[in-house]
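# Coordinate inspection notes
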Amino acid sequence: MSKVNFDSLLEAGVHFGHLKRKWNPAMAPYIFDEKKGIHIIDLNKTIAHLDQACAAMKQIAKSGKKVLFVATKKQAKEIITDRISAINMPFVTERWSGGMLTNFQTTRKSIRKMVSIDKMKTDGTWETLNKRERLFKTRQRDKLEKTFGSIADMTRQPAAIFIVDILKEHIALAEAKRLGIPTFAMVDTNSDPRLVDFPIPANDDATKSIAIILDAICASIKEGLDDRKATATKDKDEAPASSEEAAAKVEETKE
């Protein structure tokens, strides 16, 4: 469960949609009313869909798989960086590089190039380079870090992708759908929720709205990670006892 109540969503402005003239008719089931030409999102629907998304996210995290978060709009960058770094999941807050998922081998190649430059600084190779070569490598490394640094630990395609604003991140959404990767997203009244597997009707422009939805998602992922850790610890603790029991049964058989 998301553990987010109606009042907290209301206070965060999650219910504010876009102007009526900018709406997508496919969002009609999630619109409660219209006030001063602005569509109002039905927060009861938001809670229901957020609960579904959180439950799914918890299971993905519990299975040990990665969720890729994508949000390059300025309102979401800092929120994504802070929240997602804390749960050790990959994220993209700079420009989405076309083919980041569909051409994943090339993406991994770029990451390995960044790692190789870092290795130069520890194995002594860096000292053999002249000033011009160091400057070139530094600039190259900074450029790679900006685009791929936050997904450096993503050694394989993610199990799911979470998007803030599917209109802005339409390329990321298209790549995920092409690969059959489950999609989660905040969908505003100007978006088509049918394009997303787990749409969460919500204001995707306001910082507070983005933050409260992400907090709920991150809390669920953390629960899944904690459950996975607890299960692993339990299995580890029970393993010796099981071995002793097995040995005892062997002795009984001999007798």
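Residues numbered from 1 in each chain as written. Predicted model: local features only at pLDDT ≥ 70, side-chain atom pairs only at ≥ 80, totals over all residues. Heavy atoms only, no water.

Test applied: UniProt positions are given in the numbering used here, feature names are shortened, and annotations may be inferred rather than shown by experiment.
For the protein chain, an unreviewed UniProt entry supplies the name Small ribosomal subunit protein uS2 and the organism Fluviicola chungangensis. Under the heading Sequence similarities (unreviewed entry), UniProt records this for the protein chain: "Belongs to the universal ribosomal protein uS2 family."

## Here's the deal with the overall build of the protein chain
Which entries qualify depends on this criterion: Working definition: helices are DSSP H or I runs of at least four residues, strands are E runs of at least two. Numbering for both runs from the N terminus. The globule rule is 2.2 Å times the number of residues to the power 0.38, and the radius of gyration it is compared with is taken over C-alpha atoms. Remark: exposure states derive from per-residue accessible area (1.4 Å probe, protein chains only) relative to the maximum for the residue type, with buried under 20%, exposed over 50%, and partly exposed in between. Residue contacts are counted whenever heavy atoms from the two residues lie within 4.5 Å of one another. Only four residue types enter the tally: Lys and Arg on the positive side, Asp and Glu on the negative side, with His and both chain ends excluded. By convention, the point assigned to a charge is CZ for Arg, NZ for Lys, CD for Glu and CG for Asp.
Counting secondary structure elements, the protein chain contains 8 helices and 8 strands. For the protein chain, whose C-alpha radius of gyration is 23 Å, the value lies well above the compact-globule estimate of 18 Å for 255 residues. Out of the 255 residues belonging to the protein chain, those deemed buried represent 44%. Long-range pairs, those at least 24 residues apart, make up 63% of the contacts in the protein chain between residues at least 6 apart in sequence. Averaged over its 43 positive side-chain charges, the protein chain has a centre that lies 9 Å from the centre of its 36 negative ones.

## A short note on the pattern of salt bridges
We count it as follows: When a carboxyl oxygen of Asp or Glu is within 4 Å of a side-chain nitrogen of Lys or Arg, the pair counts as a salt bridge.
Taken as a whole and judged by the stated rule, the model has 13 salt bridges. Linked by salt bridges that have partners in common, Lys73, Asp165, Asp204 and Asp205 make up one network.

## Quick look at helix H4 (residues 104–123)
Put simply, the test is: A helix is expected to span 1.5 Å for every residue after the first.
Taking 1.5 Å per residue as the helical rise, H4 with its 20 residues ought to reach 28 Å, and the 28 Å between its terminal C-alpha atoms agrees with that figure. Among all positions of H4, only Phe104, Thr107, Arg108, Ser110, Ile111, Met114, Ile117 and Met120 are buried. Structurally, H4 contributes buried residues whose contacts are with helix H5 (125–128) and helix H6 (131–148). Downstream of H4 by one or two residues, Gly124 has phi in the positive range, about 95°.

## So, the side chain of Arg108
Definition in use: Counting of polar contacts relies on pairs of N or O atoms within 3.5 Å, with two restrictions inside protein: one atom must be capable of donating a hydrogen and the other of accepting it, and residues adjacent in sequence are counted only when both atoms are side-chain atoms.
Among the secondary structure elements, Arg108 is positioned in helix H4. No salt bridge forms around the buried Arg108; measuring N to O, its nearest opposite-charge neighbour Asp153 is 7.0 Å away. Within the structure, Arg108 has its side chain in polar contact with the backbone oxygen of Met154 (distance 3.1 Å). Every residue in contact with Arg108, bar those within four places of it in the chain, is listed here: Ile151, Ala152, Met154 and Thr155.

## Considerations on the pairing of strand E2 (residues 31–35)
Stated formally: Two strands are counted as paired when DSSP detects at least two bridges linking them.
Bridging between E2 and strand E3 (residues 38–41) involves 4 bridges; their strand directions are antiparallel. Following the sheet pairing, Asp33 is matched in E3 by Ile40. From the end of E2 to the start of E3, which pair antiparallel, there are 2 residues, and Lys36 there has a positive phi angle of about 55°.

## Quick look at the domain arrangement of the protein chain
Rule in force here: In this entry, domain limits derive from an automatic or database-based domain assignment. Buried area: the accessible area, evaluated with a 1.4 Å probe, that two parts lose upon being put together, summed over both parts.
For the protein chain, the assigned domains are domain 1 (13–101 + 157–228) and domain 2 (104–156). Relative placement of domain 1 and domain 2: their C-alpha centres are 31 Å apart. In this assembly, 13 residues from domain 1 lie in contact with 10 residues from domain 2. For domain 1, the biggest contributors to the area lost against domain 2 are Glu94, Met100 and Gln157; these three give 47% of the whole.

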